[in-house]
Amino acid sequence: MPIKPPIVTEMDLIRGRQIVRSLMPLKRLSCDDAQIVARAIAESFAEGRKQGFDIANDNLQAYPWCPKEAAAKGMPPIPELKEVLRFLSGDHGQPNQE
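Everything numeric here is computed off the predicted structure, so don't read it as measured data. (Residues numbered from 1 in each chain as written. Predicted model: local features only at pLDDT ≥ 70, side-chain atom pairs only at ≥ 80, totals over all residues. Heavy atoms only, no water.)

Within the protein, the regular secondary structure consists of 4 helices and 0 strands. For the protein, with 98 residues in total, the buried portion stands at 19%. Counted over contacts in the protein with a minimum sequence separation of 6, partners at least 24 positions apart contribute 43%. Of the roughly 7600 Å² of accessible surface on the protein, 60% is carried by carbon and sulfur atoms. (Helix = DSSP H or I, 4+ residues; strand = E, 2+ residues; numbered from the N terminus. Buried < 20%, exposed > 50% of the residue type's maximum accessible area, 1.4 Å probe, protein only. Contact = heavy atoms within 4.5 Å. Areas by Shrake-Rupley, 256 points an atom, 1.4 Å probe, with all protein chains shown as cover.)

Here it is as structure tokens:
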């Protein structure tokens, strides 16, 4: 099974560059080397975000679809559950805003 790298956003790269600039020992790095370190930091942010989505998706998959069933289990109802699960599954259309 091939390993799919996480999607790195521009914000991840910006945060990674900020960290590289703030670490004193890394100030001696060349621009290319600093970019490599910033990219590695950005990839760790992206991987953490992916794991967070996976955890949320796993927890919501087990969540009762029916509000009455959720209430019987002591769980708060989530009326937007279907839209949230659709979003987490990769359908990045915005959840319905009513």
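It is worth spelling out helix H1 (residues 10–22) at this point. Compared with an ideal rise of 1.5 Å per residue, which puts 13 residues at 18 Å, H1 spans 18 Å between its outermost C-alpha atoms and is within 8% of the ideal. Inspection of H1 places Asp12, Leu13, Gly16 and Val20 among the buried residues, and these make up the whole buried set. Buried residues in H1, looked at end-on, bunch into an arc of 95°, giving them a common side. When the buried face of H1 is taken as reference, the exposed residues oriented beyond 90 degrees from it are Met11, Arg21 and Ser22. (Expected span 1.5 Å × (residues − 1). Arc of directions from axis to C-beta.)

So, about the pattern of salt bridges. If you walk through the whole model with that rule in mind, you get 4 salt bridges. Linking Asp12 and Arg49 is a salt bridge whose minimum nitrogen-to-oxygen distance equals 2.9 Å. Of this pair, Asp12 sits in helix H1 while Arg49 sits in helix H2 (residues 31–61), and the two are 37 residues apart along the sequence. Exposure remark for Asp12: the relative accessible area of 1% places this residue in the buried category. (Salt bridge = Lys/Arg side-chain N within 4 Å of Asp/Glu carboxyl O.)

It is worth spelling out the side chain of Asp12 at this point. A polar contact is formed between the side chain of Asp12 and the backbone nitrogen of Thr9, at a distance of 3.0 Å. Excluding its chain neighbours within four sequence positions, the residues that come into contact with Asp12 are Ile7, Ala42, Phe45, Ala46 and Arg49. (Polar contact = N/O pair within 3.5 Å; in protein donor to acceptor, adjacent residues only side chain to side chain.)

Under the counting rule described, the total for this entry stands at 0 aromatic pairs. One Lys or Arg, Arg15, reaches over the ring of Phe45 and ends 4.0 Å from the middle of that ring. (Phe/Tyr/Trp six-rings, centres within 6.5 Å; stacked < 30°, edge-to-face > 60°. Lys NZ or Arg CZ within 6 Å of the ring centre and 35° of its normal.)

Attention shifts here to the confidence of the model for the protein. Predicted confidence across the protein gives a mean pLDDT of 77, with 78% of residues reaching 70 or more. When mean pLDDT is compared element by element in the protein, H1 scores highest at 87, while helix H4 (residues 81–88) scores lowest at 72. (pLDDT = per-residue confidence, 0-100.)

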